[in-house]
Amino acid sequence: MPRDPNVPDVFDVYTVVILRRPSDAPELSDAELDELQTRHLAYRAELGRQGVLVVNGPFDEQSDPSYRGMSIFACEAPEAARLSDADPSVEAGRLRYDVMEWWVRAGSLAFPFVDHAIGQRRSMPDG
């Protein structure tokens, strides 16, 4: 069977974490929310300084308001899950997350603030 010209030969595969607000998130006072958000942002900033978190940020005007933000990690999915479990907002039950691999055409994304390779270069599996 000939190769489909619409499918790239090579992909860059990234570990992505999507943060979402669960429907049963605990109610907190404004002061508690502010303190938790400060800890959440500090934790994510530290992951960035360590080089394991490449880029992250919140969503806005999303079709599903439970989706809160997205991160691209410089590690495999199990490690990204372990690090996400330790996020203060996840520990507090205010956020949950989904971890996945994101396959994009090789060379289509760049991370100019990172001084090392991100993701893995792979070919599409046969089958």
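What counts and how
- Residues numbered from 1 in each chain as written.
- Predicted model: local features only at pLDDT ≥ 70, side-chain atom pairs only at ≥ 80, totals over all residues.
- Heavy atoms only, no water.
- Helix = DSSP H or I, 4+ residues; strand = E, 2+ residues; numbered from the N terminus.
- Buried < 20%, exposed > 50% of the residue type's maximum accessible area, 1.4 Å probe, protein only.
- Arc of directions from axis to C-beta.
- Contact = heavy atoms within 4.5 Å.
- Pairing = 2+ DSSP bridges.
- Expected span 1.5 Å × (residues − 1).

(A) Quick peek at the side chain of Ser84. Examined against the element boundaries, Ser84 turns out to sit in helix H2 (residues 77-85). Among the residues examined, Ser84 registers a relative accessible area of 0% and is labelled buried.

(B) Representation of H2 within the structure. Every buried residue of H2 is listed here: Ala80, Ala81, Leu83 and Ser84. Projected down its long axis, H2 carries its buried residues within an arc of 165 degrees, all on one side. Each element contacted by the buried residues of H2 is listed here: strand E1 (10-20), helix H1 (30-50), strand E3 (67-73), helix H3 (88-91) and strand E4 (96-105).

(C) Fine view of the pairing of E1. The buried fraction of E1 is high, at nine of 11 residues. As judged from the four bridges shared by E1 and strand E5 (residues 120-123), these two strands associate in the antiparallel manner. Along E5, the bridge assignment pairs Phe11 with Arg122. With 10 bridges joining them, E1 and E4 adopt antiparallel strand pairing. Note on E4: the bridge partner recorded for Val16 is Met100. Pairing analysis gives six bridges linking E1 to E3, with the strands arranged antiparallel. Counterpart to Ile18 in the pairing with E3 is Met70.

(D) Region of the structure containing H1. Look at H1: 30 Å from first C-alpha to last across 21 residues, which is about the 30 Å you get at 1.5 Å a residue. Turning to H1, its buried residues number three or more, namely Leu36, His40, Tyr43, Arg44 and Leu47. Buried residues of H1 fall within an arc of 90 degrees about the axis and therefore sit on the same side. Exposed residues pointing more than 90 degrees away from the buried face of H1 are listed as Asp30, Ala31, Asp34, Thr38 and Arg49. Buried-residue contacts for H1 involve E1, strand E2 (53-58), E3, H2 and H3. Looking one or two residues past H1, Gly51 carries a phi angle of roughly 85 degrees, positive in sign.

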